[in-house]
Amino acid sequence: MSEQFPTKNPEAREQSGRDLATLVYLIQAIALFTAVPFFVAVLVNYFKRGDVRGTLAESHFRWQIRTFWFWLLWTVIGSLTWWLLGLGFLIMGIAWVWAVYRVVRGWLALADHRPAY
């Protein structure tokens, strides 16, 4: 249980975690059109990770964090190879489509009260 909210009942913790995960999915969806919010979303994940430990949202936070890091990795690789006959643009395009898939799949699982994995 979180040290910050020791009196929260399990249902309230569960709802709070789902609300936070929903917020991060929303931020990530916005970030698909401008990258800056992706960094805000992952910071929320890292700062609030302890609050969702042991709840359904824990798997979603892990999903969201991994989505960010793999998206960033492939975006950087794409950016560094853009000059290679469009290969970089292809890599960045695939990274964008993959991020869309991860945000939509995770958000739908959360809406159905299922873990991300």
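Scroll up to find the structure this text is about.
Residues numbered from 1 in each chain as written. Predicted model: local features only at pLDDT ≥ 70, side-chain atom pairs only at ≥ 80, totals over all residues. Heavy atoms only, no water.

Undergrad: Hey, could you run me through the overall build of the protein chain in this one?
TA: When its secondary structure is counted, the protein chain shows four helices and zero strands. When the helices and strands of the protein chain are read in sequence order from the N terminus, they spell out α-α-α-α. In terms of principal-axis extent, the alpha carbons of the protein chain reach across some 60 × 25 × 20 Å. By the burial criterion, 38% of the 117 residues in the protein chain qualify as buried. (Helix = DSSP H or I, 4+ residues; strand = E, 2+ residues; numbered from the N terminus. Buried < 20%, exposed > 50% of the residue type's maximum accessible area, 1.4 Å probe, protein only.)

Undergrad: So what exactly am I meant to see when it comes to the side chain of Arg-18 here?
TA: Along the polypeptide, Arg-18 turns up in helix 1 (residues 10–31). For the buried Arg-18, no salt bridge exists, and the shortest N-O distance to an oppositely charged side chain is 4.1 Å, to Glu-14. A polar contact is formed between the side chain of Arg-18 and the side chain of His-113, at a distance of 3.4 Å. In contact with Arg-18, not counting residues within four places along its chain, are Leu-56, Ala-57, Leu-110 and His-113. (Lys, Arg positive; Asp, Glu negative; His and termini not counted. Salt bridge = Lys/Arg side-chain N within 4 Å of Asp/Glu carboxyl O. Polar contact = N/O pair within 3.5 Å; in protein donor to acceptor, adjacent residues only side chain to side chain. Contact = heavy atoms within 4.5 Å.)

Undergrad: Explanation requested: helix 1 in the structure shown.
TA: Within an α-helix, residues lying three or four positions from one another point in the same direction, as the helix has 3.6 residues per turn. With 22 residues, helix 1 should cover 32 Å at 1.5 Å per step; its first-to-last C-alpha distance of 31 Å lies within 8% of that length. Within helix 1, the full set of buried residues consists of Arg-13, Gly-17, Arg-18, Leu-20, Ala-21, Val-24, Tyr-25, Ile-27, Gln-28 and Ala-31. Against the buried residues of helix 1 lie helix 2 (36–48), helix 3 (56–80) and helix 4 (87–111). A side-chain oxygen of the first residue of helix 1 lies 3.2 Å from the backbone nitrogen of Glu-11; this N-cap is Asn-9. (Expected span 1.5 Å × (residues − 1).)

Undergrad: I tried to follow unusual backbone geometry on my own but got confused; where do I start?
TA: Glycine aside, negative phi is the norm for most residues, and most peptide bonds take the trans geometry. Phi angles above zero are rare outside glycine, and His-113 is one such case at about 55°. With respect to the helices and strands, His-113 occurs in the segment after helix 4.

Undergrad: Where do I start with the packing of helix 3 against helix 4 in this structure?
TA: Interhelical geometry of helix 3 versus helix 4 gives an angle of 170° and a closest axis separation of 8 Å. One finds that helix 3 runs roughly antiparallel with respect to helix 4. Taken together, the residues of helix 4 that come into contact with helix 3 (itself represented by Leu-56, His-60, Trp-63, Arg-66, Thr-67, Phe-70, Trp-71, Trp-74, Thr-75, Ile-77, Gly-78 and Ser-79) are Gly-88, Ile-91, Met-92, Ala-95, Trp-98, Ala-99, Arg-102, Arg-105, Gly-106, Ala-109 and Leu-110. Residue classes in the contact of helix 3 with helix 4 are distributed as 13 nonpolar, seven polar and three charged. (Axes fitted to C-alpha atoms, helices over the stretch in contact; angles between N-to-C directions. Parallel < 35°, antiparallel > 145°, perpendicular 65-115°, else oblique. Nonpolar A, V, L, I, M, F, W, Y, C, P; charged D, E, K, R; others polar.)

Undergrad: Even after reading the chapter, I still don't get the nonpolar core, so can you show me in this structure?
TA: What tends to happen in soluble globular proteins is that the nonpolar side chains get buried as a cluster. With 15 residues, the main nonpolar core has Leu-20, Ala-21, Tyr-25, Val-52, Ala-57, Phe-61 and Leu-110 as its most contacted residues. Only helix 1, helix 2, helix 3 and helix 4 provide two or more residues apiece to this core. The leading source of residues in this core is helix 1, at five residues. Residues in contact with Leu-110, not counting those within four places in the same chain, are Arg-18, Ala-21, Thr-22, Tyr-25, Leu-56 and His-60. The next biggest cluster of nonpolar side chains, apart from the first, holds eight residues, and it includes Ala-31, Ile-65, Phe-68 and Ala-99. (Core = buried A, V, L, I, M, F, W, Y, C linked by side-chain atoms within 4.5 Å.)

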